[in-house]
Amino acid sequence: MNETQKDGRSTYGSPAPLSREQMQQQMQAAFQDGSNRPRKKKQPEQRRISDMPNGKPVKKGKRGNQPEPMPRSVGQAKAEKLRQIKASVASASQGIYSEETPSATAAEAHRYVHRRSSAPPPPVPPRNRNSRPQEPEYYGGSDVASSGKGGKIAGIIVLVLVVLLLIGYLIGYFSYRSKLLPKTYVNGVNVSGMTLADAEQKILNSASTEGITFIKKSGEKVHFDGAEFGSTVSFQDGAMDEVTSQSHVLWFTHLLHKSEYTVSVVNSYSESNLSNLILSYSWGTTPPTDAHIQKASDGTYSIVPEDNGDMIDATILMNYTLEQMREGNNTIKLEDADCYLQAEVKSEDLQAALDAANSLAGLTITYDFDDRQEVLDTSTIADWITTDTDGKISVDENKVKAWVNENLVKYDTFVPGYTRTFHSTMQGTIEVPLGDYGIYGWKTDVDATVEKLKEYILAGESVTVEPEYSQRGYCRATDDIGDSYAEVDITNQKVFVYKDGELVIESDCVTGLASDPERATPPGVYRVWTMEKDVVLGTYAVQGYEAPVNYWMNFTEIGIGFHDLARVAYGGDIYKTNGSHGCINLPLDVAAEMFDTIEVGYPVIVIP
């Protein structure tokens, strides 16, 4: 062993390796010793022109020509120094050194160690002034540093994200603490982020502006604003409780889905105003028409379907609407209200009648009124026909009677208040009412006519007939007096008898006492009621007289008629002072001729 080896140094001037424990003890002693020594002032370096780029001084750092970093505090410098020494010692204790020139920090560490061991410091290998010192390498050093640095960055990123999330959560929590949460809808109204008061007002405003909407069966909408019937809305107590019970702690979960609520509102309005609005509105213009059977050109029959039109019963709609509004429904479908007017006769109602009509094809029943006719054809009859399972035909009596009343009774002339146009002999054309005691004219016997008509239908044969009458006139033409009648002219005190349009008798007469209403002859239209010869008129017990006559032709039900009566004179003004008890007094020969000319039922017209 040479002297160098005995001295405990290697042939390269490096100290003999120390154990870890020795190194740590010496480092601890060095730190304590260094902290007690006074610091030497560093003398400023002399700068050379070559160190001055562009002729300007540049402050050099410890390494090469790099600019010196910003000054640090004493504590920071000391901490950094200790960190570098620890790293170098750790490398030296493991005996792992780079073959490159050691750094200044590593050399200084060795000097501290050997100073404590009273050994002279090892020589520091010379280094290139312009070269950058290299850090000592050791096994696994770069991997550990890299992984440590990456872990720190990842940790920082996670921490930042957590902080940001926490800040975002707190912002949301405090923002919605007294408001409704995001994506909150009530009755279809978006109330997100609103206070309860604002949300309620918005919902009420929306409900108020809707008013009431009616939907026709055609799809047409009729809208009335709430203001038109005094409509206002308000919430029921506790209506918004469910909405306000949202969890504000989990406010962020509402960002992911839509929360929809339905709350009831109380609609206050004037039912009277709404009723008037409905009743006064024109809901439709087309009335319903019944299905009916029509005859085709080939003689067959088919059904024309009913048309319900678009008119409604406004009262039904009004009642339905008020009921719906009380339940909170302000959209009204008219079809749900069942208020449309419907045709009374449907197509299906006529199917059996159609079959019967086709079986009775060509059947007509004609009612004759001399100069007029009323024809009942198969298309009408078919509506009255029904068939049973055996195919037996029956006739609806009510429909038959309705037809008779509508189409035959209208021709009746024996009707209270009926007035005729009469062409008088001396007074010209005048209007003559039936009179208080009039008994002339035609009157249909409805029940008897209905029964006969049913018989005609079931017989299936076309006929021309006349109605059954409870009272008959003398002529069935429009002018039912015809051209055979007796005329009494009170003003002119004349009697005229026409036969088939010819004047056959003309005579003066005396009528009832004009000055006594009880004895005056009443005007009107009559018919000869009875005809008798050689009778006594009146009694002393009742009338206070008895008058035997040869010819008596009664034309009223109150005992007024034509008869012979011997008088000195007839006509003139005799009736005003010496008139009869109401009868028409005639000379004997005129009465006889008249008796032979007229007959029971003969029309008698008494004009004033």
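**Some remarks on the overall build of the protein**
- A count of helices and strands for the protein gives 16 helices and 28 strands.
- The burial tally for the protein puts 36% of its 608 residues in the buried class.
- For the protein, contacts bridging at least 24 residues in sequence account for 65% of all contacts bridging at least 6.
- For the protein, the computed accessible surface area is about 36000 Å², with 51% contributed by carbon and sulfur atoms.

**A short note on the packing of aromatic side chains**
- Applying the stated criterion to the full structure yields 16 aromatic pairs.
- Its end group placed over the ring of Tyr 340, Lys 217 keeps NZ or CZ at 4.5 Å from the ring centre.

**Considerations on unusual backbone geometry**
- Of note in this structure, Asp 338 is not a glycine but carries a positive phi near 55 degrees.
- Along the chain, Asp 338 turns up in the loop between α10 (334–337) and α11 (351–359).
- A positive phi angle, close to 50 degrees, is found at Gln 493, a residue other than glycine.
- Here Gln 493 is to be found in the loop between β20 (485–489) and β21 (494–499).

**Points about the pattern of salt bridges**
- All chains considered together, the criterion is met by 13 salt bridges.
- The salt bridge involving Arg 420 is made with Asp 480; its shortest N-O contact spans 2.9 Å. On the criterion of sequence distance, the pair formed by Arg 420 in strand β15 (residues 419–423) and Asp 480 in the loop between β19 (469–471) and β20 is long-range, its members being 60 residues apart. Assigned by exposure class, Arg 420 and Asp 480 land together as buried.
- Here Glu 451 makes a salt bridge to Lys 454, at a shortest N to O gap of 3.9 Å. Of this pair, Glu 451 and Lys 454 both sit in helix α14 (residues 446–459), three residues apart, roughly one helical turn.
- In this structure Glu 451 comes out as partly exposed when scored by relative accessible area, which is 37%.
- Overlapping salt bridges, with partners in common, bring together Glu 397, Glu 451 and Lys 454 in one network.

**Observations concerning helix α8 (residues 271–280)**
- Every buried residue of α8 is listed here: Leu 274, Ser 275, Leu 277 and Ile 278. Taken around the axis of α8, the buried residues stretch over an arc of 160 degrees, which confines them to a single face.
- Buried residues along α8 sit against β3 (212–215), β4 (221–224) and α9 (314–326).

**Here's the deal with helix α13 (residues 397–407)**
- Residues Val 400, Trp 403, Val 404 and Asn 407 constitute the buried set of α13. All buried residues of α13 lie within an arc of 100 degrees about the axis, which places them on one face of the element. In α13, those exposed residues whose orientation departs by more than 90 degrees from the buried face are Asn 398 and Glu 406.
- The secondary structure elements touched by the buried residues of α13 are β11 (365–368), β12 (373–376), α12 (378–381), β14 (393–395) and α14.
- Its side-chain oxygen 3.0 Å from the backbone nitrogen of Asn 398, Asp 396 forms the N-cap of α13.

**Let's talk about the sheet that holds β4**
- One open sheet holds the three strands; their spatial order is β4-β3-β10, and the pairing between them is mixed. Across the chains shown, the open sheet's two edge strands, defined by having one partner strand only, are β4 and β10 (331–333). Ignoring strand direction, the axes of neighbouring strands in this sheet form an average angle of 20 degrees.
- Pairing analysis gives three bridges linking β3 to β10, with the strands arranged parallel. Paired with Thr 213 across the strands is Thr 331, a residue of β10.

**Focus on the packing of α13 against α14**
- Taken N-terminus to C-terminus, the directions of α13 and α14 make an angle of 120 degrees; their axes are 9 Å apart at the nearest point. Here α14 runs oblique to α13, going by the angle between their axes. In terms of crossing hand, the pair formed by α13 and α14 is right-handed. Here Glu 397, Val 400, Lys 401, Trp 403, Val 404 and Asn 405 of α13 come into contact with α14, specifically with Val 446, Asp 447, Thr 449, Val 450, Glu 451, Leu 453 and Lys 454.

**As for the pairing of strand β16 (residues 429–433)**
- Of the two faces of β16, the one holding Ile 430 and Val 432 is buried and the one holding Thr 429, Glu 431 and Pro 433 is not buried anywhere.
- Across five bridges, the pairing between β15 and β16 is antiparallel. From the neighbouring strand, His 423 faces β16, where its bridge partner is Thr 429.
- In this antiparallel pair of consecutive strands, β15 and β16, the connection spans five residues, and Gly 428 shows a positive phi of 80 degrees.

**Description of the packing of α8 against α9**
- The contact between α8 and α9 brings their axes to 9 Å, and the two run at 145 degrees. As α8 packs across α9, the resulting crossing turns out to be right-handed. Residue-level contacts link Glu 271, Leu 274, Ser 275, Ile 278 and Leu 279 of α8 to Ala 314, Thr 315, Leu 317, Met 318, Thr 321, Leu 322, Met 325 and Arg 326 of α9.
- Taken together, the residues of the contact of α8 with α9 break down into eight nonpolar, three polar and two charged.

**A few points about the sheet that holds strand β26 (residues 561–564)**
- Overall, mixed pairing links the four strands, which are arranged β24-β25-β26-β27 in an open sheet. Each of the sheet's edge strands pairs with one partner strand only, and the pair in question is β24 (530–537) and β27 (584–586). Sheet twist, expressed as the mean angle between neighbouring strand axes with direction ignored, is 30 degrees.
- In this sheet, β27 lies alongside β26 in parallel orientation, the contact comprising three bridges. Note on β27: the bridge partner recorded for Phe 562 is Ile 584.
- Relative to strand β25 (residues 547–554), helix α16 (residues 588–597) is tilted by about 35 degrees, and along the sheet it contacts β24, β25, β26 and β27.

Procedures and definitions
- Residues numbered from 1 in each chain as written.
- Predicted model: local features only at pLDDT ≥ 70, side-chain atom pairs only at ≥ 80, totals over all residues.
- Heavy atoms only, no water.
- Helix = DSSP H or I, 4+ residues; strand = E, 2+ residues; numbered from the N terminus.
- Buried < 20%, exposed > 50% of the residue type's maximum accessible area, 1.4 Å probe, protein only.
- Contact = heavy atoms within 4.5 Å.
- Areas by Shrake-Rupley, 256 points an atom, 1.4 Å probe, with all protein chains shown as cover.
- Phe/Tyr/Trp six-rings, centres within 6.5 Å; stacked < 30°, edge-to-face > 60°.
- Lys NZ or Arg CZ within 6 Å of the ring centre and 35° of its normal.
- Salt bridge = Lys/Arg side-chain N within 4 Å of Asp/Glu carboxyl O.
- Arc of directions from axis to C-beta.
- Polar contact = N/O pair within 3.5 Å; in protein donor to acceptor, adjacent residues only side chain to side chain.
- Pairing = 2+ DSSP bridges.
- Axes fitted to C-alpha atoms, helices over the stretch in contact; angles between N-to-C directions.
- Parallel < 35°, antiparallel > 145°, perpendicular 65-115°, else oblique.
- Left-handed = near helix turned anticlockwise from the far one by under 90°.
- Nonpolar A, V, L, I, M, F, W, Y, C, P; charged D, E, K, R; others polar.

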